[in-house]
Structure formats: C-alpha cells, structure tokens
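Close look at the chain arrangement
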Amino acid sequence: MIKAVSKTCRIKRLLQILLFFNRSYLTLRPLQVLIINNHGLPRLQKYFSPLPPSHTPPTLTRHIFNSIASRPDSFCNYLNLHIEDWGDVKLIYRHYATLYFVFAVDSQESDLGILDLIQVFVESLDKCFCNVCELDLIFHSDKVHYVLDEIVSGGMVLETNISMVLESVREQGKLGKSSLRMGEGKQNDVYRR
C-alpha cells in the first residue's frame, strides 16, 4: 500500500514537472471571452487580462464586432488583430443563429483547441438551458457566468468535459435552492417572535 502511494506521488510529481515545462503547449489562455448578438450588443464580457488603457469595454467590443461582422460566412473563423497593449491578438469565433461567441487569445494559441473550447461552452449552455437563446443569456446571466467559470477560470481552461460542467452547475443550483429555503425558514422564525 505504501509503495503504491509513493508511486502515485512520483507520477503526480512527474506530471507537474511536465506541465511546468510544457505549459505553453498544454494550456489555453484566453484574454477575453465575448458573446455578441448580430446588432453588436454584448451579452457576456469576461476579461482574463487587464484591459488596454487606450480602450474601454464598449470601444473594444465595437472594434471586435466590426472586424468579425464584416467578414462573409464563407471565411474561416480566425482573425488576427492588433490591439494596443495586447499586441497581436487572434480572434477565434463561431456564429450560431443570432450570437457570435468570440475568444480573443494570444497569437501562440491553438486555433482548433479554442474552437473546440467554444463548442464545449455552447453545448454546455445548450444542455443547461435546453436550446439556449439570447433571452437565456440576458435573464440568466449569473448561470451563464457560472458555466463559463466552470470551463475557464483565471484565464486557464479547467474543464472540457460537458457532463462534469453540467454536474457542477446542478450542484450549484441545489446549493442555491437550499440556501433560499434556509433563508425563508429564518424569516418565518423572525415573524413568529
């Protein structure tokens, strides 16, 4: 038993060392995640690196939207863009119905890896809301942020397994409901006194 534990500890340590030296190859680090509708209105904005001082969120979103919306659907989903203080940024996006899902990433990131990440995010939202639409993003923005936080946190990709993401969202919903019930019980106790 002790030998098995020490062997697993050595394997974990070896994996940590490999991850440390190959970090740029194994991790995806988005700078920004945007969901924009066809009219250029942002439905979700999340920044994982400081915003360039020369840009405010509305101007940066407008600049990104204008760059993407002007492209025909037959073009690829990658666009290189130069943003002050961020340098060369790669915009990787998917257009679903009335929404653009945009990830702004470093130019070193894998295009296909980010496209896969967008697909995981969209499928998670779709299963979470049963055919997600723009109204779900507006009225349940807290849940959308929670799904994104389960997938990407602090600019690092944490989970790409959709069933694990949905399980975490369900657990969060249960905790929220139980805390509401506990709050109602305390309120009723106050009224009884």
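Residues numbered from 1 in each chain as written. Predicted model: local features only at pLDDT ≥ 70, side-chain atom pairs only at ≥ 80, totals over all residues. Heavy atoms only, no water.

1. Overview of the packing of aromatic side chains
Applying the stated criterion across every chain, the model contains four aromatic pairs. When the ring of Y96 is compared with that of F101, the centres are 5.7 Å apart and the planes differ by 80 degrees; the resulting orientation is edge-to-face. Classification of F101 as buried rests on a relative accessible area of 3%. Consider the rings of F101 and F121, whose centres lie 6.0 Å apart with planes at 80 degrees: the pair is edge-to-face. Placement of F101 in strand β5 (residues 99-106) and of F121 in helix α4 (residues 111-129) is noted, with a sequence separation of 20 residues between them. An aromatic cluster of at least three residues, connected via ring pairs, comprises F65, Y93 and Y100. (Phe/Tyr/Trp six-rings, centres within 6.5 Å; stacked < 30°, edge-to-face > 60°. Buried < 20%, exposed > 50% of the residue type's maximum accessible area, 1.4 Å probe, protein only. Helix = DSSP H or I, 4+ residues; strand = E, 2+ residues; numbered from the N terminus.)

2. Quick word on the sheet that holds strand β3 (residues 78-83)
As summarised here, the arrangement of the five strands in space is β2-β1-β5-β4-β3, forming an open sheet in which the pairing is antiparallel. Two strands bound the open sheet, and with one partner strand each, they are β2 (42-47) and β3. Between one strand and the next, the sheet's axes are offset by a mean angle of 20 degrees, whatever the strand orientation. Sheet analysis places strand β4 (residues 87-96) next to β5, joined by eight bridges and oriented antiparallel. Each residue of the ladder has a partner; that of H95, found in β5, is Y100. (Pairing = 2+ DSSP bridges. Axes fitted to C-alpha atoms, helices over the stretch in contact; angles between N-to-C directions.)

3. Observations regarding a nonpolar patch on the surface
A contiguous nonpolar surface patch, about 320 Å² in accessible area, is contributed by L135, I138 and F139. Tracing the backbone through its elements, the reader meets L135 in helix α5 (residues 134-139). (Patch = residues over 30% accessible without salt bridge, like charges linked within 9 Å, V, L, I, M, F, W, Y side chains within 5 Å. Areas by Shrake-Rupley, 256 points an atom, 1.4 Å probe, with all protein chains shown as cover. Salt bridge = Lys/Arg side-chain N within 4 Å of Asp/Glu carboxyl O.)

4. Section: the nonpolar core
Counting residues in each nonpolar core, the largest one holds 29 residues, and the members touching the most others are F101, F121, L125, V147 and I151. Elements represented by at least two residues in this core include exactly β1 (30-37), β5, α4, α6 (141-151) and α7 (162-192). Broken down by element, the residue count for this core peaks at ten residues, all from α4. Dropping the residues within four chain positions of it, F101 is found in contact with L34, I35, I92, Y93, R94, Y96, I118, F121, V122 and L125. Counting 17 residues, the second-largest nonpolar core is a separate cluster that includes L91, Y100, V102 and A104. (Core = buried A, V, L, I, M, F, W, Y, C linked by side-chain atoms within 4.5 Å. Contact = heavy atoms within 4.5 Å.)

5. Thoughts on the pattern of salt bridges
Counted by the stated rule, this structure contains five salt bridges. With a closest N to O distance of 2.7 Å, R43 and E134 form a salt bridge. With R43 in strand β2 and E134 in helix α5, the pair connects residues that are 91 residues apart, well separated along the chain. A relative accessible area of 26% means that R43 is categorised as partly exposed. A salt bridge links K46 to D149; its shortest N-O distance comes to 2.5 Å. Pair noted here: K46 is in strand β2 and D149 is in helix α6, with a separation of 103 residues, a long-range link.

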